[in-house]
Amino acid sequence: MILPDQNCILVTGGAGFIGSAVIRHLIEKNVKKIVNVDALTYAGNLSTLSGQSQYDGYVFEQVNICDQDALRDVIKRHQPDAIMHLAAESHVDRSIDGPGLFIETNVKGTYNLLELVREESTSQKSGRRQIRFHHISTDEVYGSLGEQGLFVEDSPYQPNSPYSASKAASDHLVRAWGETFGVDIVVSNCSNNYGPYQYPEKLIPVVIHRALDEEPIPVYGKGDNVRDWLFVDDHARALVTVMQSGENGRTYNIGGDSERTNLEVVHGICNVLDQIRPREQGSYSSLIEFVTDRPGHDFRYAIDATRIKTELGWSAKETFESGLHETVSWYLNNQEWVVSVGGDGASSLRRGLGAG
Ligand SMILES: NC(=O)c1ccc[n+]([C@@H]2O[C@H](COP(=O)([O-])OP(=O)(O)OC[C@H]3O[C@@H](n4cnc5c(N)ncnc54)[C@H](O)[C@@H]3O)[C@@H](O)[C@H]2O)c1
């Protein structure tokens, strides 16, 4: 067990949606030193941590994980006890438009980190514990489910998009570095996240943005694709639990037992908006329109989170309804943030909205 008052945790991708939630949670737990390594791509914004940047033990390093020399320098200077690796290209539509960057960042970047952890661990024969490497991944590596069934940790890998294939590749590298080189690794695969500070190109923030701007809300296909939704703070808590208490070499699935079709999610957002920001023309749902589906659109993802619940004692606190209400309210109250980070899905060549 890593004790909060004596460790240094390095978080990659800490200026992104989930990484910033993890850093907020680590600060709540009074972790002594937190190093945020982020290249600040279009998806990374330090404003996600504006309230936390004054924390004494917080350090920001603007470094690209594809730059091994710069990464080595950061690891040598800060001597982390654990690395929580979240930095990634994460948007499925962008991976269809341009897969190369996903291979660079998600595969090569993860390889760089693993090599440095191996180097650092073998160079320290003095009895100091190894650097724990926690790889944060997605349920999309398991491919698509039919109407029934749930993903378990032993489900076969069947990624269908360049994004999920790049994450699957990185999961395999992490496992191999554990098995072959004895690196202390844990992997977690999580379902779709939602909550404050999600970059406004993903389903929930884009729907809110379009609805408030009185623009059409284009839903892929019939909107019947199913995702299992988890509030981001529940994920952040799960991640810190896995990093602290997960068994070396083990994988943990994380999910919120909240399956919803995309259309249900869009209607849910419209309902919350109808309550708290009613429009004269009637429900925001009238803005919904259906557009041609994207290629390789997985039908259903759903997680069996029994292992993390029974072995590590984690469970989600937020229901989908309460979390969605909180999320919509947050976006309404933080439109300045949305405008300051830019993006409303228009950066993608694809027109529709889907999740993950
Ligand atoms: N969002 C989800 O629903 C979800 C679900 C399961 C797993 N995940 C995984 O969680 C992680 C974080 O996802 P997110 O939604 O917060 O993503 P995000 O796109 O919001 O943030 C990614 C962060 O990584 C940084 N980054 C990207 N490329 C980098 C590079 N080469 N070097 C350094 N930093 C770089 C970005 O600047 C950004 O701050 C990803 O690994 C993703 O695969 C996400």
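For every chain, the first residue of its written sequence is number 1, and the numbers climb from 1 along that sequence. At least 70 in pLDDT is required for a residue's local features to be given in this predicted model, at least 80 for side-chain atom pairs to be given and counted, and no such filter applies to totals for whole chains, interfaces and linings, which use all residues. Side-chain figures throughout are based on the complete set of non-hydrogen atoms in the structure, without hydrogens or water.

On to the sheet that holds strand 9 (residues 226-231). In spatial order, the strands read 7-9-11; together these three strands make up an open sheet with mixed pairing. Only two strands of the sheet have a single neighbouring strand rather than two, namely strand 7 (192-194) and strand 11 (259-261). Recorded for the sheet is a direction-independent mean angle of 50° between the axes of neighbouring strands. In this description, strands pair whenever DSSP reports at least two bridges between them. A run of H or I in DSSP becomes a helix once it reaches four residues, and a run of E becomes a strand once it reaches two; helices and strands are each numbered from the N terminus. Axes here refer to lines fitted to C-alpha atoms; in helices the fit is confined to the stretch in contact. Angles between the N-to-C directions go from 0 to 180 degrees.

We now examine the confidence of the model for the protein chain. Per-residue confidence for the protein chain gives a mean pLDDT of 92; residues scoring 70 or more make up 92%. Throughout residues 345-350 the model reports pLDDT below 50, and contacts reaching past four residues in sequence, or to other chains, amount to 14 contacts. Confidence per residue, as judged by the predictor, is encoded in pLDDT with a range of 0 to 100. Two residues qualify as a contact provided that any one of their heavy atoms is within 4.5 Å of a heavy atom in the partner residue.

Here the focus is the nonpolar core. To qualify as a nonpolar core, a set must consist of buried Ala, Val, Leu, Ile, Met, Phe, Trp, Tyr and Cys residues joined through side-chain atoms within 4.5 Å. Burial classification: accessible surface area is computed with a 1.4 Å probe over protein chains only, and a residue below 20% of its type maximum counts as buried, one above 50% as exposed, and the rest as partly exposed. With 40 residues, the main nonpolar core has I9, V11, V22, L26, M84, I254 and I308 as its most contacted residues. The dominant element in this core, judged by the number of residues it contributes, is helix 7 (residues 232-245), at seven residues. Sequence-distant contacts of L26, that is, excluding residues within four places in its chain, are made with I9, V11, V31, I34, M84, V240 and M243. Within the second largest apolar cluster, 30 residues are counted, among which are Y199, I204, V328 and W337.

Let us now look at the site of the ligand. Taken together, 28 residues lie near the ligand, and I18, D38, S90, Y163 and K167 sit nearest. A distance of 2.8 Å separates an oxygen atom of the ligand from a polar atom in the side chain of S90. Considered on its own, the ligand offers 840 Å² of accessible surface; in the complex 96% of this is hidden by protein. Listed by contribution, the elements that provide at least two residues to the shell around the ligand are helix 1 (17-28), strand 5 (132-138), helix 5 (162-181) and strand 7. A total of three residues in the shell around the ligand trace back to one element, the largest contributor, which is strand 5. For the shell around the ligand, the per-class residue count stands at 14 nonpolar, twelve polar and two charged. One heavy atom suffices: a residue is near a molecule or strand as soon as one of its heavy atoms comes within 4 Å of it. By the criterion applied in these results, polar contacts are pairs of N or O atoms within 3.5 Å in which, for protein atoms, one can donate a hydrogen and the other can accept it, and in which residues neighboring in sequence qualify only through two side-chain atoms. Using the Shrake-Rupley algorithm and a 1.4 Å probe, accessible areas are obtained, with residue cover drawn only from the displayed protein chains. Three categories are distinguished: nonpolar for Ala, Val, Leu, Ile, Met, Phe, Trp, Tyr, Cys and Pro, charged for Asp, Glu, Lys and Arg, and polar for the others, with Gly belonging to the last.

So, on to the packing of aromatic side chains. Put simply, two rings from Phe, Tyr or Trp (the six-membered ring, in Trp's case) pair if the centres are within 6.5 Å, and we call them stacked under 30 degrees between planes, edge-to-face over 60, tilted for the rest. Throughout the structure, instances matching the rule amount to 15 aromatic pairs. On the basis of an interplanar angle of 65° and a centroid distance of 5.3 Å, the ring pair of W177 and F181 is categorised as edge-to-face. Here F181 and W177 lie together in helix 5, a separation of four residues that amounts to about one turn. The partly exposed category is assigned to F181, whose relative accessible area is 35%. On the numbers, 6.1 Å between centres and 75° between planes, the contact of Y194 with W229 is edge-to-face. In this pair, Y194 sits in strand 7 while W229 sits in strand 9, placing the two residues 35 residues apart along the sequence.

The next point concerns the packing of helix 1 against helix 7. To characterise two packed helices, one gives the angle between the axes of the helices and the distance between these axes. At a closest axis distance of 9 Å, the pairing of helix 1 and helix 7 adopts a crossing angle of 65°. The angle between the axes of helix 1 and helix 7 places the two elements in the roughly perpendicular class. The handedness of the crossing between helix 1 and helix 7 is right-handed. Across the interface between the two elements, F17, I18, A21, V22, H25 and L26 of helix 1 pack against V232, D233, H235, A236, R237, L239, V240 and M243 of helix 7. Partitioned by chemical class, the residues of the contact of helix 1 with helix 7 number ten nonpolar, two polar and two charged. Our angle categories are set so that under 35 degrees counts as roughly parallel, over 145 as roughly antiparallel, 65 to 115 as roughly perpendicular, and the remainder as oblique. With the far helix as reference, a near helix turned anticlockwise by less than a right angle produces a left-handed crossing, and one turned clockwise produces a right-handed crossing.

All of the buried residues along helix 2 (residues 68-78) are L71, V74, I75 and H78. Considered in projection along helix 2, the buried side chains sweep an arc of 95° and stay on one side of the axis. Residues of helix 2 that are buried in the fold lie against strand 1 (8-12), strand 2 (33-37), strand 3 (58-61), strand 4 (82-85) and helix 4 (100-122). Positive backbone phi, approximately 50°, marks Q79, located one or two places after helix 2. Directions are taken from the helix axis to each C-beta atom, and the arc is the one they span.

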